[in-house]
Every structure is written in C-alpha cells, then in structure tokens.
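Spelled out, the chains give:
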Amino acid sequence: MGRKILFITTDQQRYDAYGCNGGVVARTPNVNALAAEGISYRRAHPQSVVCMPSRATIVTGQHVATHGVWMNGVQLPKDAPSVAAVLRNHGYKTALIGKSHFDPFVDPFLAFPENKLARDGQHDALRGFDHLELAAHSGTGWLHYATWLRNNHGDGVGMFYPVLDGTLNVNGAGGGDTGAPQVHVNAMPREWYHTDWIAERTVVWLNSLPDDEDWFCWVSFPDPHHPWDPPATETHRVPWRDLDLPSGYIEDRSLREHTIDSKPSHWRKWYDGSLVANFEAPPKWVPATMTPNQVREVNALVHVENELIDEAIGRIMGTVRSRGWNADTDVIVSTDHGELQGDFGLLFKGPYHVDGLMRLPLIWRPAANAALQFEHSVTDPVGLVDLAPTFCAIAGVEAPTWMEGYELPTSDGLGEHHQVVTEWDSVLFGVEMHLRTLYRDGWQVTTYGAGTVHDGTEGELYNMADDPLQRINRWADPSVEALRDDLVCALREAVPETLDTRFARRVVALV
Amino acid sequence: MEFNFGLLGVTEPVGSIREHVIIEVPPDLVWSRIADVENNSSWFTSLQTSWCDLDNATGRPVRMVVGGTGLAMTEDIIRVDSVQRRLQYRLRPIGFITHHLATIDVLDVTDLTGAPTSMVVYSTELSPAPLAVAFGGATRQALDTLKTQTEAAWASQKVGA
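Residues numbered from 1 in each chain as written. Chains lettered and ligands numbered in written order. Predicted model: local features only at pLDDT ≥ 70, side-chain atom pairs only at ≥ 80, totals over all residues.

### Structural notes on the overall build of chain B
- Of regular secondary structure, chain B possesses 3 helices and 7 strands.
- For chain B, the sequential pattern of α-helices and β-strands runs β-α-β-β-β-β-β-α-β-α.
- In terms of overall dimensions, chain B has C-alpha extents of about 55 × 50 × 30 Å along its principal axes.
- A burial count over chain B gives 29% of its 161 residues as buried.
- Sequence-distant contacts, at least 24 apart, represent 51% of the contacts inside chain B between residues at least 6 apart. (Helix = DSSP H or I, 4+ residues; strand = E, 2+ residues; numbered from the N terminus. Buried ≥ 20, exposed ≤ 12 C-beta atoms within 10 Å, placed from the backbone. Contact = placed C-beta atoms within 7 Å.)

Written out as structure tokens, the structure is:
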C-alpha cells in the first residue's frame, strides 16, 4: 500500500486567504492545521493567471507554451499528458470532483467531452481520472452539479448570480448592499451550494474505496471565484462594514491613478474603461467607478466563501481520518490563480502580473508515515508546474520526461527552484496581449510583446522585498538596468518571447 | 476628432467570423456539397442532423438543423447562387442568438496552383458577439471535414476515371 494523495484546489484565491498565510479575517482552522503539520510555500506562482491554462499546467506538469492551452477557451486535448493517467497506470484510483475546466463551459454545439459526459450522467474515465463529478460556479450548464441542482432543488438554479449577461459577456450588474459587480444575495440553503456538494461527493467517493486502495483525489472548489454569492445565511460571518480595506487598495484616488500610470498603458486603459483586454472581467464595468465600500463587500464575501471551503476541507479530512488513512495521506492545498480583489482599484483578473494574481497559497502536508524531513516554510520560488512531478514522487513513480516542473522542495536550497515563470497571451476581438514574467532573487520582471497597445518595449520590474505591493515600477530605473537585463535574459531563456497565435491551438469558446 | 477603431473590444454587439480552407478539388465538386443544402450535417459535424422543409408561413424552403445539444433550429435559406457559388443562410433567433447571417463562397483558385483547386470562405456575423468564438470553432471543424471528404471523393473519381 502506497501513499494516498488528497489534492485540494480552490479557484481564484489569494495567498492571504488563509490564516496560516497571514490572513486575519477568514477563520480557516482546517487549512491552518494542515500548514502546521506541513510545508507552506511562500512564493508559489501559477504559470498562467486564468483558469484553463493554469489547470492544464497542473494536470500536465507543463508550461503553457508546451501544453498549448494559451488562453481561456482553448481546449486541453483529450489525449494530452495527464498526471492522473500516470498515477492510474501505477495502480492508483483517480478522481476529480468539482471544477475541472479543461474543456470550455460555453458549448452551444456540445462539442466537448466533459460537458457531454456530464450531460449524459456519466462519470467515466477522462484525462486519466477514473471518476469525474464536475461542478462550476452556477446551476446552469451541463455539469453534474448543475444537473443535481436542477433535479433536486430546481428553485436553486435561479438563486445564483448570472455569471454571463444576456449578451453572453461577463455580467457587470451590481448587487448586494453596495452595488458591487458580481455581488449577489443568494437565498440558497447552504446544503445546496457547490462547496458543500463537492465535499459531500468527495466523502461518498472516498467511502466507496476499499481500505487498502491507493488513491489520488483532486477536490476542486469553484470558489472564491466570482460571482460573489455565497448563501445569504452565511454572510453574517464577515460584516463588510467592519472590514478594513485591503493593503493593496490605494484609497487616495490620485495616488492610485499615479501608481497605475507607472505601469504599462493597458492598466490605465482598463481602469478608465477604454480597453477591455480579456473576457474574464465584465466589459461594461469600469474599475474607476469602484467605491471603497464595494471593495469591502467583495472582500467580505470572499472571506465567507473561504470559510465555507475550509469547513468543507475539514469534513473531507474527517473522512480521511475516520477511514484510518490520515497518516498515509499527503494533502496538498492550492489554487489555480489569484484575484485582484481591490488591489490598485481593480477586481477580477487579466493581463496584470502582480501578487494579487500571482502569489498563491500552496501547502503540502506530507503523509506522516512517509517520515519526510521538511521545513515548515519554504521561500524558494515554486510553480503549479511542480505539482505533477510532486504527485509522482509521492506515489513513488518516476516523473515522465514530458513533465517540465520539479518535485516541490521540502526546504530552501533544494533542487532547481531558483525562479518561476508565468505567461499570458490573448487575442480577443481584435485586442492582443503578450506578457512574460519571471520571479527570481526577490525581483519580478514582466516583459510585453508587441500587441494592440504595446510596442514590445514596455515592462515592469519590482523589488518584491522592498515593495511588496508592487507600487514602484523600476523598469526604467537606470540604477537597476543591469539587473533588469539579466532577469529579462533569464526570462527569454525560460519561455518563448511571444506566442505566434497564428500557429497556436484554436480558441473554441470564450471560457 | 480621432477615432480609434482598434480598441472596440468585446462590447461590440455583432460578432464576426471568417474562416477559409484550400481544397485541392475542382470548385464545382466542392460547391455541389455545399449546394446540397439538406445534407449540411454530413460535413458540418457539430450538427446531429439536417433536413429541408417548407415554411408554412412564407412558403419558402427552410433548413432544419439539430445541434449537438439536441436543440432544433430553423435556418432561412437566403441564396443558393450556383453561378457565384455562394450560399447564404440565416439562423432564426433562438435562445441567446438574436442575429445571424452566414455566407459560404467557393472560389476557383486553380490559377494559383496549376491544379484544380478551390478556396472556401465561410463568413458569419452573429449576435451576441461572444458566441462568435464557439461558432468559429465549429466552422473551422466543418471546413476541415469538408476538405477531407471532398479530397477523398475527388481522389476516388480520379482513380475511377
């Protein structure tokens, strides 16, 4: 019998979501306990700051340029390499319960296998997972959760905030007390909500396994991704009026705009509403209109959702313990990318490579019976690309050569963890963006390829130790020119400069 | 006044798709498949089935198509022009779709290659604009299927001759 692997992800969650990472609002005792027994990575980055490319990296162990899912709406091929398949081939039972998003959700021709499988009520093997029970952020669509909600609590379908509006753009309509976009009072009982459904389905799957089974279970919560509409019965947990504004939000408008203006021009254009560079934020919402109270309300609801996730994790861990598996189970907790959540007066995500989107929670609680030696805190940079090789190492399987990451280090100074890179490419309705980012030695550099608003000479450079909120762009600072050039050189060695989208895999849906 | 038409972004109400494919087959053979309006689903494989009928209200022929989701949709056939080798059709508003017009042109580009060669250009405008991406994917797949099928048929004809 080998080590079992419980892999838990959230969606669009910031590093500071959990108490163990310095979060002071959401109560997350279950994740905190895992961190206390394991390793907290202090500098974990995604390889893309949107869902589909990032999730493709997690399952393939490859950088975006290799797996080819270069923006949301590009499908991960059914036969793409999969760590789940590797583990399955070595005797593991494999499951993915929750949000996969390897296929697009918007699927008017029902062309994608995840949607077809779920529509037909099947749970069969796909992309290396023996068992799939899929969910998204709402009760509409084909996925298992939506079908369950429709069939059992039909009233619930309309209780969620409609993520897309009548024109199929991301909905900018405001709600709640402050009129913040994608905020909504959800009358749904907690038991109907996707977070608890995923915990329930995970418990059922775990309990279906024999005691001596080796298993890999990816539990994938759709929260705290927008819309921010947790069950209204739970919102009392974090009254938004009592909340301090997040440190990344610059309350003084002129200072905020001055800071944005020091960054490449698409920042200000989005802030002012003159440019929509990506599909993931509402095109009709103008960030400059956001009020401090709207920032507070969004943050409060995110904290509520994080508490619900933590409680769901507690329930799943209870099952692991009750089955007698705790000492044999490695638990890894992370997310696919972050959320701006008010930083710089912005929400959602997009081509903005700063900590709100880039710095992720990543916690590895090794199985006690593995008797691994580790430090509780690792500051060397790591990426989600390192997860698949880590799963292989836990399972005692040699990582296939197609995996590009390295097993997560158990302390600083081990292995190849000197730098981490992140890519962004998008071409959407005539707006083209290309970003490349490298973090190394406490500095973060971002280069821009030529596109709709960039000529290819722009960039961002931050001293992450002295300027943790990335307010001082030192790209044009002559005193760090040599350092900048070194970092850019390392970045260009690590990833292709700009994806030539003419030859890239096709975008087949918006998300 | 300065007009910047490059920054219109996703708020455009009408989406626009244009896909094309080069097929090494005489244009009349390619056109015969497209002009076989009723059997559209034989190469537009995102559709489960298709057939033609008469619209009771207008007395004009319409094409009925059933998508992958099982949803039945009605298309008005606007033009079947065998001289220009142009087909135009319009999907009637259904669900989110409020506007649609598709045009398929089969161009003779034999002069460019020296062998019988067609270029099929498939253009669609539709609202809401975000659906254009999904329709574009289906259109691409359809053109690739059309190429495979017609080139195989042409190869068989040549062998038979």
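Next comes the rest of the write-up.
### Some points on the overall build of chain A
- Assigned secondary structure in chain A consists of 14 helices and 16 strands.
- Since a compact globule built from 511 residues should have a radius of gyration of about 24 Å, the 21 Å found for chain A is in line with a globular shape.
- Overall size of chain A, expressed as C-alpha extent along the three principal axes, is 60 × 50 × 45 Å.
- For chain A, the proportion of its 511 residues judged to be buried stands at 60%.
- When contacts within chain A are restricted to residue pairs at least 6 apart in sequence, long-range pairs at least 24 apart make up 70% of them. (Rg over C-alpha atoms; globule rule 2.2 N^0.38 Å.)

### A few points about the environment of A:Asp212
- Topologically, A:Asp212 is positioned in the loop between helix H8 (194–207) and strand S8 (215–224).
- For the pair A:Asp212 and A:Leu110, spaced 102 residues apart in sequence, the C-alpha to C-alpha distance is 39 Å.

### Concerning the interface of chain B and chain A
- Taken together, the contact pairs 21 residues of chain B with 25 residues of chain A.
- Ranked by the residues each element gives to the side of chain B that touches chain A, the list is headed by helix H3 (residues 131–160) of chain B, at 6 residues.
- In the side of chain B that touches chain A, the residues fall into 11 nonpolar, 8 polar and 2 charged. (Nonpolar A, V, L, I, M, F, W, Y, C, P; charged D, E, K, R; others polar.)

### Some points on the sheet that holds strand S9 (residues 329–335) of chain A
Residue and element names in this part refer to chain A.
- The 8 strands are arranged S5-S4-S8-S1-S9-S10-S2-S11 in an open sheet whose pairing can be described as mixed. Bordering the open sheet on either side are strand S5 (131–134) and strand S11 (377–378), each of which pairs with just one other strand.
- For strand S1 (residues 4–11) and S9, the ladder comprises 7 bridges, and the chain directions are parallel. Its bridge partner being in S9, Ile8 is matched across the sheet by Val333.
- Against the sheet, helix H1 (residues 29–36) makes contact with strand S2 (39–41), S9 and strand S10 (363–365), and its axis sits at roughly 65° relative to S10, the strand it touches most. (Pairing = 2+ DSSP bridges. Axes fitted to C-alpha atoms, helices over the stretch in contact; angles between N-to-C directions.)

### Observations regarding the nonpolar core
- If you look at the biggest cluster of nonpolar residues, it comprises 188 residues, and the most contacted ones within it are A:Phe7, A:Phe216, A:Cys217, A:Val219, A:Phe391 and B:Ala134.
- When residues of this core are assigned to their parent elements, the largest contribution, 13 residues, is made by helix H11 (residues 292–322) of chain A.
- If we ignore the near neighbours within four places in the chain, the residues touching B:Ala134 are A:Val106, A:Pro108, A:Phe109, A:Val508 and A:Ala509. (Core = buried A, V, L, I, M, F, W, Y, C linked by C-beta atoms within 7 Å.)

### Points about the sheet that holds strand S16 (residues 459–463) of chain A
Residue and element names in this part refer to chain A.
- Strand order in the open sheet made by the 4 strands is S13-S14-S15-S16, with antiparallel pairing throughout. Edge positions in the open sheet fall to strand S13 (419–428) and S16, since each of these has one partner strand only. Strand-to-strand twist of the sheet, defined as the mean angle between neighbouring strand axes without regard to direction, takes the value 10°.
- One ladder, built from 10 bridges, connects S13 with strand S14 (residues 431–440); its direction is antiparallel. By the bridge assignment for S14, Val427 is matched with Glu432.

### So, the pairing of S9(A)
All names here are of chain A.
- Across the 7 residues that make up S9, a large majority, 7, are buried.
- Sheet topology note: the S9/S10 ladder contains 3 bridges and is antiparallel. Residue pairing for S10: Ile332 is matched across the bridge by Trp364.

### Focus on H8(A)
- When the terminal C-alpha atoms of H8(A) are compared, their 20 Å separation across 14 residues agrees well with the 20 Å that a helix rising 1.5 Å per residue should span.
- Residues of H8(A) that are buried: A:His194, A:Thr195, A:Trp197, A:Ile198, A:Ala199, A:Arg201, A:Thr202, A:Trp205 and A:Leu206. (Expected span 1.5 Å × (residues − 1).)

### Focus on the packing of H1(A) against H11(A)
All names here are of chain A.
- Following both chains from N to C, one finds H1 and H11 inclined at 60°, their axes separated by 7 Å at the closest point. As far as their axial angle goes, H11 and H1 are oblique. Taking contact as the criterion, the partners of Pro29, Asn30 and Val31 in H1 are, on H11, Asp310, Ile313, Gly314 and Met317.
- Residue composition of the contact of H1 with H11, by class: 4 nonpolar, 2 polar and 1 charged. (Parallel < 35°, antiparallel > 145°, perpendicular 65-115°, else oblique.)

### Some points on the environment of A:Asn115
- Structurally, the position occupied by A:Asn115 is in helix H5 (residues 113–119).
- Along the sequence, A:Asn115 and A:His144 sit 29 residues apart, while their C-alpha atoms lie 9.0 Å from each other.

### Regarding the pairing of strand S4 (residues 72–81) of chain B
All names here are of chain B.
- The sheet contact formed by strand S3 (residues 61–67) and S4 spans 5 bridges and is antiparallel. Within S4, the residue paired with Val62 across the bridge is Asp76.
- By the bridge criterion, 6 bridges tie S4 to strand S5 (residues 86–91) in an arrangement that is antiparallel. Each residue of the ladder has a partner; that of Ile77, found in S5, is Tyr89.
- Counted along the chain from S4 to the antiparallel partner S5, the turn is 4 residues long, and its residue Arg85 has a positive phi close to 55°.

### Section: the confidence of the model for chain B
Residues and elements named next belong to chain B.
- In the predicted model, chain B carries a mean pLDDT of 91, and 93% of its residues have values of at least 70.
- Predicted confidence for residues 3–10 stays below pLDDT 50, and this span has 18 contacts to residues more than four positions away or in other chains.
- Predicted as a complex, the structure gets a pTM of 0.94 and an ipTM equal to 0.81. (pLDDT = per-residue confidence, 0-100.)

### Notes on unusual backbone geometry
Residues and elements named next belong to chain A.
- The omega torsion of the bond from Asp223 to Pro224 falls at 5°, within 30 degrees of zero and hence cis.
- Examined against the element boundaries, Pro224 turns out to sit in strand S8.
- A cis amide bond, omega 5°, links His226 with the succeeding residue Pro227.
- The residue Pro227 is located in the loop between S8 and helix H9 (253–261) in this model.
- Positive phi values are uncommon outside glycine, yet Phe348 reaches one of about 70°.
- Looking at the element boundaries, Phe348 is found in the loop between S9 and helix H12 (355–358).
- Despite not being glycine, Gln470 shows a phi value in the positive range, around 55°.

### Digging into the packing of helix H1 (residues 27–35) of chain B against H3(B)
Residues and elements named next belong to chain B.
- Two elements in contact, H1 and H3, have axes separated by 10 Å at closest approach and are oriented at 125°. As judged from the angle between their axes, H1 and H3 are oblique. Crossing geometry of H1 relative to H3 is assigned as right-handed. Contact with H1, carried on its side by Leu29, Val30 and Arg33, involves Leu146, Thr150, Ala153 and Trp154 of H3 and no other residues of that element.
- When its residues are assigned to classes, the contact of H1 with H3 shows 5 nonpolar, 1 polar and 1 charged. (Left-handed = near helix turned anticlockwise from the far one by under 90°.)

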